Amino acid sequence: MNNQVSGANIPVFLCCFHRSNTGETMAWSESVDTVLANKEGLAAFRTFLKSEFSEENVEFWLACEDFKKTKSSTKIASKAQKIYSDFIQADAPKEINIDFHTKNDISQNISEPTLSCFDAAQSSIYCLMAKDSFPRFLRSELYKELVKKHQDGNQKRWLPFL
């Protein structure tokens, strides 16, 4: 890149010390998937959900994503039982709000779990987050402050070197 400096053609190189996050942060507003797929976005969304006392939703969703990657049949059984005891069973410490039929289906099949045994519940929780929590997250001060922080930070990131 050549820029005119005092009438001379001198190459100017731009050096970036940190990756730009403004576009990435703004992209979070496109969908809950974008937030869930981004480490910083996920952390911010979790913080927001904690402030609303509903962090169990994203924790359940993440546990299901991890569960679906399980290869060993013995680990499938133990992970399924852990998810069930943490999120599904009555009075679970992080009990999620799912309909009776979904909860009942999982309860009846937990003794022989499959990688898809939590799919209906995960889908239900995903829809709840996407339609309810996510729009509130985008309107939250937490999200607005992150966007502003990244916009302010980007103005200081690029330094010209001659």
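Residues numbered from 1 in each chain as written. Predicted model: local features only at pLDDT ≥ 70, side-chain atom pairs only at ≥ 80, totals over all residues. Heavy atoms only, no water.

### Comments concerning unusual backbone geometry
Glycine aside, a negative phi is what most residues show, and trans is what most peptide bonds show. Unusually for a residue other than glycine, Phe53 sits at a positive phi of about 60°. On the secondary structure map, Phe53 appears in the loop between α3 (39-51) and α4 (55-67). Positive phi outside glycine occurs at Asp91, with the angle close to 65°. Mapped onto the fold, Asp91 is located in the loop between α5 (73-88) and α6 (100-109). According to the relative accessible area criterion, Asp91 is exposed, its value standing at 72%. (Helix = DSSP H or I, 4+ residues; strand = E, 2+ residues; numbered from the N terminus. Buried < 20%, exposed > 50% of the residue type's maximum accessible area, 1.4 Å probe, protein only.)

### Notes on the packing of α4 against helix α7 (residues 119-139)
Packing of α4 against α7 brings their axes to within 10 Å, and their N-to-C directions diverge by 140°. The orientation of α4 with respect to α7, classified from their angle, is oblique. Where α4 crosses over α7, the two elements pack in a sense that is left-handed. Counting all contacts with α4, which are made through Asn57, Val58, Phe60, Trp61, Cys64 and Glu65, the residues of α7 involved are Ala121, Gln122, Ile125, Tyr126, Leu128 and Met129. Per-class residue counts for the contact of α4 with α7 are nine nonpolar, two polar and one charged. (Axes fitted to C-alpha atoms, helices over the stretch in contact; angles between N-to-C directions. Parallel < 35°, antiparallel > 145°, perpendicular 65-115°, else oblique. Left-handed = near helix turned anticlockwise from the far one by under 90°. Contact = heavy atoms within 4.5 Å. Nonpolar A, V, L, I, M, F, W, Y, C, P; charged D, E, K, R; others polar.)

### What to know about α7
For α7, with 21 residues, the first-to-last C-alpha span of 29 Å sits near the 30 Å given by 1.5 Å per residue. Considering bend angle alone, the principal kink of α7 is centred on Ser133 and spans about 40°; proline Pro135 follows within four residues of it. Along α7, the positions that sit buried rather than exposed are Ala121, Gln122, Ile125, Met129, Ser133, Phe134 and Phe137. (Expected span 1.5 Å × (residues − 1). Bend = angle between axes of the 7 residues up to and from the residue.)

### Quick look at the pattern of salt bridges
Following the criterion strictly, the structure yields ten salt bridges and no others. In this structure, Lys149 engages Glu40 in a salt bridge whose closest nitrogen and oxygen atoms are separated by 4.0 Å. One end of the pair, Lys149, is in helix α8 (residues 141-154); the other, Glu40, is in helix α3, and 109 residues separate them in sequence. Since its relative accessible area comes to 27%, Glu40 is described here as partly exposed. Arg46 is paired through a salt bridge with Glu59; the nearest N and O atoms lie 4.0 Å apart. Residue Arg46 is located in helix α3, and its partner Glu59 is located in helix α4; the two are separated by 13 residues in the primary sequence. Taken together, the salt bridges that share partners define one network made up of Arg46, Glu59 and Lys94. (Salt bridge = Lys/Arg side-chain N within 4 Å of Asp/Glu carboxyl O.)

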